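Survey of secondary and tertiary structure
Chain residues, written in single-letter form:
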Amino acid sequence: MVGMGRCASVGALLVALAVLAPAVTATCDDELPTQLVGNYSGLACTPVWNTFVLRYAQGKDNVLRVVLSTMYSTGWVGMGFSKNGLMVGSSAMVGWMGKTGVAHIKQFQLQGKTPSQVVVDKGSLVSNDHDHTVLVQQAKIYLAFQLRFTQPLKSQSVLLAFGSAIPVNDRLSEHQDKTAIVFDFTTGSSSSVSSFPEGLKRTHGALNLFAWGVLLPIGAIVARYCRRWDPLWFYLHTGIQFVGFILGLAGIVAGVSLYNKIQANVPAHRGLGIFVLVLGILQILAIFLRPNKDSKYRKFWNWYHHWVGRLALFFAAVNIVLGIKVGAAGNSWKIGYGFNLAILLITIITLEVLLWTRWRNNSSSTPGPGY
């Protein structure tokens, strides 16, 4: 038990050094292990992040040779290749030393942010497994691999990460730290990737969820179940819907900016979003075309306004669920919106029962809003 405690302390110390002492340990001065010299000689070298050092060379047939090294005690180390600097949708080479001393290096497809969505032996990288090597030497791990691309790499979004737990059954634990850089394989220069797309994605999701998933349903509830408080219900309804539509429009603008930034392949989400926006605009225009209560066209206007509004809210709810899925927003978003949806449904069912009960007791009333 004492020995295990000392090993754990040493492991924690090495991980801390990997994070806190990049200036000391991130260097190209160390020579490659002799086991790698044959296939990985003549590589350019540059420190890229913390204790991570990247050695690389591009040869004939657009083959990229890579040796990634960093301080290591236990766990896994990975290097990903991304189209837009984001984790989701990228592919990564990950290496680790197993508990029995067997080295592992495999490709993973990063379909989402949870361990179950990081899938082994899948991805877009073309490689030859026979050219892959993992070595641990003098408290450092070396991941050596070769990838073939359709054309020589220039500026490429690269993900670097490490986890402290040894993978079990090829299931990666959540990373302990990570970064995203843009690396130029022709000059060796690198720059950090802006967090702008990730922040824009959260803004897009939060605005649309609050507008289409909270405010607009509340405004519809006010219109249907609060008509006894005339004309207060009408002013509340129009005010809530107007604010909700403006916030939803801002969320859609953020979504368009996000799409232009990362060119996400989400045709269903985009299509539903456009459809819901059109329905919302039709609802706003309907306010200016509302006939008087005594008009013979008023009942047709009521029918149109009620059902277009219901369709907009229904498809908005579907699109919110779809957006949470394609955006890999995580369980917190799923639980939060699920709880909100449950509260809305319970409220609507309760108020609908009360409305029909009151209508049955008073045959002169109507169950629907007559505005």
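Not measured: the values here are computed from a predicted model. (Residues numbered from 1 in each chain as written. Predicted model: local features only at pLDDT ≥ 70, side-chain atom pairs only at ≥ 80, totals over all residues. Heavy atoms only, no water.)

A few points about the UniProt feature "transmembrane region" (unreviewed entry) in the protein chain
Here the UniProt feature "transmembrane region" (unreviewed entry) sits at residues 209-226, 233-259, 271-290, 311-329 and 335-356. Within the segment residues 233-259, helix and strand shares are 100% and 0% respectively, and the terminal C-alpha atoms sit 38 Å apart. Secondary structure across residues 311-329 comprises 84% helix and 0% strand; the distance between its end C-alpha atoms is 25 Å. (UniProt positions renumbered as here; feature names shortened; annotations may be inferred. Helix = DSSP H or I, 4+ residues; strand = E, 2+ residues; numbered from the N terminus.)

Things to note about the packing of helix α6 (residues 267-288) against helix α7 (residues 298-326)
Put simply, α6 and α7 touch, their axes get as near as 9 Å, and they point 155 degrees apart. It follows from the interaxial angle that α6 and α7 lie roughly antiparallel. Between α6 and α7 lies a crossing of left-handed hand. For the contact of α6 with α7, the class distribution of residues is 18 nonpolar, seven polar and no charged. (Axes fitted to C-alpha atoms, helices over the stretch in contact; angles between N-to-C directions. Parallel < 35°, antiparallel > 145°, perpendicular 65-115°, else oblique. Left-handed = near helix turned anticlockwise from the far one by under 90°. Nonpolar A, V, L, I, M, F, W, Y, C, P; charged D, E, K, R; others polar.)

As for a nonpolar patch on the surface
Where nonpolar side chains cluster on the molecular surface, the patch consists of Ile274, Val278, Ile281, Leu282, Leu285, Ile287, Phe288 and Leu289 and spans about 770 Å² of accessible area. Its location among the elements puts Ile274 in helix α6. (Patch = residues over 30% accessible without salt bridge, like charges linked within 9 Å, V, L, I, M, F, W, Y side chains within 5 Å. Areas by Shrake-Rupley, 256 points an atom, 1.4 Å probe, with all protein chains shown as cover. Salt bridge = Lys/Arg side-chain N within 4 Å of Asp/Glu carboxyl O.)

Brief notes about the state of the cysteines
Here a disulfide denotes one covalent bond, and it connects the sulfur atoms of two cysteines. Using the criterion set out here, one finds one disulfide in the structure. A sulfur-sulfur separation of 2.1 Å characterises the disulfide bridge that pairs Cys28 with Cys45. Looking down the S-S bond of the Cys28 and Cys45 bridge, the torsion is -90 degrees, so its handedness is left-handed. Taken as a pair, Cys28 in the loop between α2 (22-25) and α3 (34-37) and Cys45 in strand β1 (residues 44-49) lie far apart in primary sequence, 17 residues in all. Residue Cys45 is classed as partly exposed on the basis of its relative accessible area, which comes to 30%. (Disulfide = S-S within 2.5 Å. Buried < 20%, exposed > 50% of the residue type's maximum accessible area, 1.4 Å probe, protein only.)

A word on the pairing of strand β3 (residues 63-71)
Of all the nine residues making up β3, eight are buried; the element is thus mostly covered by neighbouring parts of the structure. With six bridges connecting them, strand β2 (residues 52-58) and β3 associate as antiparallel partners. Along β3, the bridge assignment pairs Gln58 with Leu64. Connecting β2 to the antiparallel partner β3 that follows it, the hairpin turn spans four residues, and Asp61 within it adopts a positive phi of roughly 60 degrees. In the sheet, β3 pairs with strand β10 (residues 140-148) via nine bridges, with the strands oriented antiparallel. Residue pairing in the sheet places Ser69 in a bridge with Tyr142 of β10. (Pairing = 2+ DSSP bridges.)

Some thoughts on the packing of α7 against helix α8 (residues 331-361)
α8 packs onto α7 with a crossing angle of 165 degrees between their chain directions and a minimal axis gap of 10 Å. Classified by the angle their axes make, α7 and α8 are roughly antiparallel. Here α7 and α8 pass one another in a crossing that is left-handed. The residues of α8 that touch α7, namely those facing Ala317, Ile320, Val321 and Ile324, are Trp333, Lys334 and Tyr337. Of the residues in the contact of α7 with α8, the class split is six nonpolar, no polar and one charged. (Contact = heavy atoms within 4.5 Å.)

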